[in-house]
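What follows is the residue order along each chain.
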Amino acid sequence: MFCSQCGSPCAERVPDGDDRPRSVCGGCGTIHYQNPRIVVGAMVLHEGALLICRRAIEPREGFWTCPGGFMECEESMAQAAARETWEEARARVRILAPLATLDLPHIHQVHAFFRAELAEPGAAPGPESHEVEWLPVGQVLQREWAFPVMEQALEWWVKDTAGTSFHQGRLDWDGVGPRYALESYELGEHWCSA
Ligand code: ZN
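Brief notes about the overall build of the chain
Argument step 1. If you tally the helices and strands in the chain, you get 2 helices and 12 strands.
Argument step 2. Reading the helices (α) and strands (β) of the chain from amino to carboxyl end gives β-β-β-β-β-β-β-α-β-β-β-α-β-β.
Argument step 3. Along the first, second and third principal axes, the C-alpha atoms of the chain reach 60 × 30 × 30 Å.
Argument step 4. When each of the 194 residues of the chain is scored for burial, the buried share is 29%.
Argument step 5. Within the chain, counting contacts between residues at least 6 apart in sequence, those at least 24 apart form 57% of the total.

Remarks on the environment of Gln168
Argument step 1. Checked against the element boundaries, Gln168 lands in strand S11 (residues 167-173).
Argument step 2. Under the C-beta neighbour-count criterion, Gln168 is labelled partly exposed, with 15 such atoms within 10 Å.
Argument step 3. Separated by 99 residues in the primary sequence, Gln168 and Gly69 have C-alpha atoms spaced 19 Å apart.

Concerning the domain arrangement of the chain
Argument step 1. In terms of domains, the chain is made up of domain 1 (1-34) and domain 2 (37-192).
Argument step 2. Taking the mean C-alpha position of each, domain 1 and domain 2 sit 35 Å from one another.

Notes on helix H1 (residues 77-89)
Argument step 1. With 13 residues, H1 should cover 18 Å at 1.5 Å per step; its first-to-last C-alpha distance of 18 Å lies within 8% of that length.
Argument step 2. Next to the buried residues of H1 lie strand S4 (37-46), strand S5 (49-55), strand S7 (68-70), strand S8 (93-104), strand S9 (109-118) and strand S10 (129-136).
Argument step 3. A positive backbone phi angle near 45° is found at Arg90, which sits one or two residues after H1.

A short note on unusual backbone geometry
Argument step 1. Cis geometry marks the peptide bond from Glu58 to Pro59, where omega comes out at 0°.
Argument step 2. Even without a glycine there, the phi angle at Glu47 is positive, about 50°.
Argument step 3. Within the secondary structure, Glu47 is located in the loop between S4 and S5.
Argument step 4. Here Glu47 falls in the exposed class, since 7 other C-beta atoms lie within 10 Å of it.
Argument step 5. Positive phi is not limited to glycine here, since His108 has a value of about 60°.
Argument step 6. Mapped onto the elements of the fold, His108 is located in the loop between S8 and S9.

Some words on the nonpolar core
Argument step 1. Counting 41 residues, the largest nonpolar core has Ala42, Met43, Val44, Leu51 and Ala153 as the members making the most contacts within it.
Argument step 2. Contributing elements (two or more residues each) for this core: S4, S5, H1, S8, S9 and helix H2 (148-158).
Argument step 3. Those residues in contact with Leu51 that sit more than four places away from it in its chain are Val44, His46, Cys66, Pro67, Ala89, Ala91, Ala123, Val132 and Trp134.

Side note on the sheet that holds strand S1 (residues 10-13)
Argument step 1. Here we have 3 strands laid out as an open sheet, ordered S1-S2-S3, and antiparallel in their pairing. Of all strands in the sheet, those with a lone pairing partner are S1 and strand S3 (31-32), marking the two edges.
Argument step 2. In terms of strand pairing, strand S2 (residues 22-25) meets S3 through 2 bridges, oriented antiparallel. The residue bridging Val24 from the neighbouring strand is Ile31, located in S3.

What counts and how
- Residues numbered from 1 in each chain as written.
- Predicted model: local features only at pLDDT ≥ 70, side-chain atom pairs only at ≥ 80, totals over all residues.
- Helix = DSSP H or I, 4+ residues; strand = E, 2+ residues; numbered from the N terminus.
- Buried ≥ 20, exposed ≤ 12 C-beta atoms within 10 Å, placed from the backbone.
- Contact = placed C-beta atoms within 7 Å.
- Domains from an automatic or database assignment.
- Expected span 1.5 Å × (residues − 1).
- Core = buried A, V, L, I, M, F, W, Y, C linked by C-beta atoms within 7 Å.
- Pairing = 2+ DSSP bridges.

This is the structure in structure tokens:
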């Protein structure tokens, strides 16, 4: 890795006063910290059905998910969730309330999910989706989902689709099972507001 400040090579070492290796520039001494990234998603409920997208991009191309993606700088999590819903499902939504946050320590991500409704009628696949579908709430847990973190959030969502309960959890991969199966994960922490 090269330093984003001065272009010199960086090396992994433990800086003075720190307790773990960091990428440190050999030229200007800048410490390049790596921190978890934030991924947001939206559960859009309309007339008893959930807005879902079949992914047209890797990872998990061809599998179903709710609209979501990496947060950009200079936006809030709720704005990011609404933006991703437009990009992937061409739906203009109103974010109603937070649903859940889930830590995925093993891949350095934090996922935040929001309850949402349509602000304008209509949905259609964006460039990153093969198709979109309105899935009746009663069928949500039968569907095969692209990502275990989404499946976990949906298990909470279907129990309280119109409510305000908020969950915080942590998913730990068991290190053995398939990475895309929720059964390979343990819910290491879980709080619920209701
Ligand atoms: Zn440098």
